2 protein chains.
Amino acid sequence: MPLFSQLTESEQATIESIVHRHHYQAGETIFAAGDPMDALMIVASGQVKVFQLAANGKEQLLYLLTTGDFDGETALFSQANHNSFAQALMPTQICQINRPEFQRLMQKYPTISLNLLNEFGKRLTDLEKRTTKTATTSVESRLADYLVETAAQFESQNFKLPLKKKDLATYLGTTPETISRKLAELEQRGIITQTGSKQIQINDESALELL
Amino acid sequence: MPLFSQLTESEQATIESIVHRHHYQAGETIFAAGDPMDALMIVASGQVKVFQLAANGKEQLLYLLTTGDFDGETALFSQANHNSFAQALMPTQICQINRPEFQRLMQKYPTISLNLLNEFGKRLTDLEKRTTKTATTSVESRLADYLVETAAQFESQNFKLPLKKKDLATYLGTTPETISRKLAELEQRGIITQTGSKQIQINDESALELL
DNA sequence: CGTCTAATTGAAGCTGATCAACGGCAGTGG
DNA sequence: CCACTGCCGTTGATCAGCTTCAATTAGACG
């Protein structure tokens, strides 16, 4: 729980008692756009995708949350509704803290708001970068970029995509067909190899980087 | 100064004494990507554009700051470098507060960090929405959306674009040529009228909204 | 008044979306 | 254990929206 990492064990235990736990199966919706947003959601285990739906029905993947990630902070201060959807991608444990209780925590432990500010900052920086990439570069280079970043996360040149290609497409602002084609093209050029389904082997990282 | 709005007058006066003032002319660079980020920047008067440059040289406009807006918060906690550029679009007054002094302020007046959190939240929500729009809808509908929002800000159906079309293009993730064409098309359809340069008259707001 | 940048307009080309059909894999139920 | 049924992913063909390049005009500012 990075949010509470600076607290002592007994303090963290107090938080345990405040938290409400929920379990979701793969495919289940955790919240939908329009739902009142009155709690902070922390992913205890599993994987959650957070996305928006455009008026034309197209999906945009915003965040992929895994253990320790959280969401729903935006309106922990002012009342508001969700503007995105959250869906479990696998069996997932969620902890929730209500707004009033979270506000009390923040007052008691100011370090929490600092952690929050840091997390917000990271997210902003990340989104700014993604916005720029999506608007100014080709699908090919966005995909290349994603592969490099993902390899860095896994600390391995051989990894399994943590996402369905369908979702990866909406993350990169494109379609599954295009992803499929571009990956095939990269493989043909010898830059990557697709072993199993979703399993990717990077052969020439520098080539990827200069796309 | 929305950041300090909850403080008393004398407290705000104290802040006055901490602040470093700078003046920039139209076109001047306030900071560039790679510069060390060690101060919070507040726009006292004027207009500032914050943008990123992609590897291919293309520009992406992220924020347009006017009086009272601020930037540079992302690294008020951890040392880091700017990843964007800021440029004055007209004669502009800037107030700066160094990291250590700002941190002291935050400790003394916790309301400031709440204000910061709120502002971060707004920015995140806004960016998420923009990312979705850019990735999932046509230039036409993004432009229509922008016109509606801008009219709402000015509280008038007849307003002057606060931006050069060139910059508007990078804001909407397209090119000046396309903006020009789309505006001409909207005018031909009778939905808007372009009176002076940059002066826009909305004739049929509902038509814009359903694009 | 002259210069420089912004904006417009035209023509051409390309990237990527869309539509449709097929193959494959996984989970389900008999 | 096998067959059935969806969904995911792939591949092909077509098409449109937008970018790009180039040339011209308009506008801003000293």
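Residues numbered from 1 in each chain as written. Chains lettered and ligands numbered in written order. Predicted model: local features only at pLDDT ≥ 70, side-chain atom pairs only at ≥ 80, totals over all residues. Heavy atoms only, no water.

Going by the annotation in an unreviewed UniProt entry, the name recorded for chain A is Transcription regulator, with Paucilactobacillus vaccinostercus DSM 20634 given as the source organism.

**Student:** Mind showing me how you'd approach the sheet that holds strand E3 (residues 39–45) of chain B here?
**Tutor:** The strands making up a sheet are joined through hydrogen bonds of the backbone, oriented either antiparallel or parallel. All names here are of chain B. A sheet is described by the order of its strands in space; here four strands give the open sequence E1-E8-E3-E6, paired in antiparallel fashion. Edge strands, defined here as strands with exactly one partner in the open sheet, are strand E1 (20–24) and strand E6 (70–71). Here five bridges tie E1 to strand E8 (residues 92–98), and the two strands are oriented antiparallel to one another. Opposite Arg 21, over in E8, you have Cys 95 as the bridge partner. (Pairing = 2+ DSSP bridges. Helix = DSSP H or I, 4+ residues; strand = E, 2+ residues; numbered from the N terminus.)

**Student:** Looking at this model, I keep getting lost on the pattern of salt bridges. Mind explaining?
**Tutor:** Charged atoms that come close allow side chains of opposite charge to pair. Residues and elements named next belong to chain A. This model, assessed by the stated rule, comprises 22 salt bridges over all chains. The partner of Arg 189 in a salt bridge is Glu 140, and the shortest N-O contact between them spans 2.9 Å. Of this pair, Arg 189 sits in the loop between helix H6 (176–188) and strand E10 (192–194) while Glu 140 is found in helix H4 (residues 139–154), placing the two residues 49 residues apart along the sequence. By relative accessible area, Glu 140 is classed as buried at 18%. One continuous salt-bridge network, built from bridges that share partners, spans Glu 140, Lys 182, Glu 185 and Arg 189. (Salt bridge = Lys/Arg side-chain N within 4 Å of Asp/Glu carboxyl O. Buried < 20%, exposed > 50% of the residue type's maximum accessible area, 1.4 Å probe, protein only.)

**Student:** Explanation requested: the relation of the copies chain A and chain B in the structure shown.
**Tutor:** Note: a rotation about an axis with an accompanying shift along it relates these two copies of the chain. Take chain A, turn it by 180°, move it 0.0 Å along the axis, and it overlays chain B with an RMSD of 0.0 Å. Each copy turns onto its partner about a two-fold axis. Interface overlap between copies is the fraction of interface residues in one copy that are interface residues in the other; for chain A against chain B it reaches 100%, indicating a shared surface. (Least-squares fit on C-alpha atoms with pLDDT ≥ 70 in both. Contact = heavy atoms within 4.5 Å.)

**Student:** I tried to follow helix H5 (residues 165–172) of chain B on my own but got confused; where do I start?
**Tutor:** Three or four residues apart is the spacing at which side chains of an α-helix point the same way, because the helix has 3.6 residues per turn. Residue and element names in this part refer to chain B. Of all eight residues in H5, six are buried, a share of seventy percent or more. All buried positions along H5 are accounted for by Asp 167, Leu 168, Ala 169, Thr 170, Tyr 171 and Leu 172. Those residues of H5 hidden inside the fold are in contact with strand E4 (47–53), strand E5 (59–66), helix H3 (110–136), helix H4 (139–154) and helix H6 (176–188). With its phi angle positive at about 70°, Gly 173 sits one or two positions after the end of H5.

**Student:** Explain unusual backbone geometry here, please?
**Tutor:** With the exception of glycine, the majority of residues adopt a negative phi angle, and the majority of peptide bonds are in the trans configuration. Positive phi, close to 50°, is recorded for Glu 155 of chain A, a residue that is not glycine. Looking at the element boundaries, Glu 155 of chain A is found in the loop between H4 and strand E9 (158–160).

**Student:** I'm lost on the protein's contact with DNA strand C in this one. Help?
**Tutor:** Inspection of the region around DNA strand C gives 18 residues, with Val 139, Thr 174 and Thr 178 of chain A together with Lys 165 and Ser 180 of chain B positioned closest. Close to the protein, within 4 Å, the atoms of DNA strand C are drawn from sugar and phosphate at a rate of 70%. Within the contact set of DNA strand C, a phosphate oxygen lies 3.1 Å away from a side-chain nitrogen or oxygen of Lys 58 of chain A. Arg 181 of chain A places a polar side-chain atom, nitrogen or oxygen, 2.9 Å from a base oxygen of DNA strand C. Mapped onto the surface near DNA strand C, the elements with two or more residues apiece are H6 of chain A together with H5 and H6 of chain B. Per element, the largest residue contribution to the surface near DNA strand C is four residues, and it comes from H6 of chain A. Within the surface near DNA strand C, the residues separate by chemical class into one nonpolar, seven polar and 10 charged. (Near = heavy atom within 4 Å. Polar contact = N/O pair within 3.5 Å; in protein donor to acceptor, adjacent residues only side chain to side chain. Nonpolar A, V, L, I, M, F, W, Y, C, P; charged D, E, K, R; others polar.)

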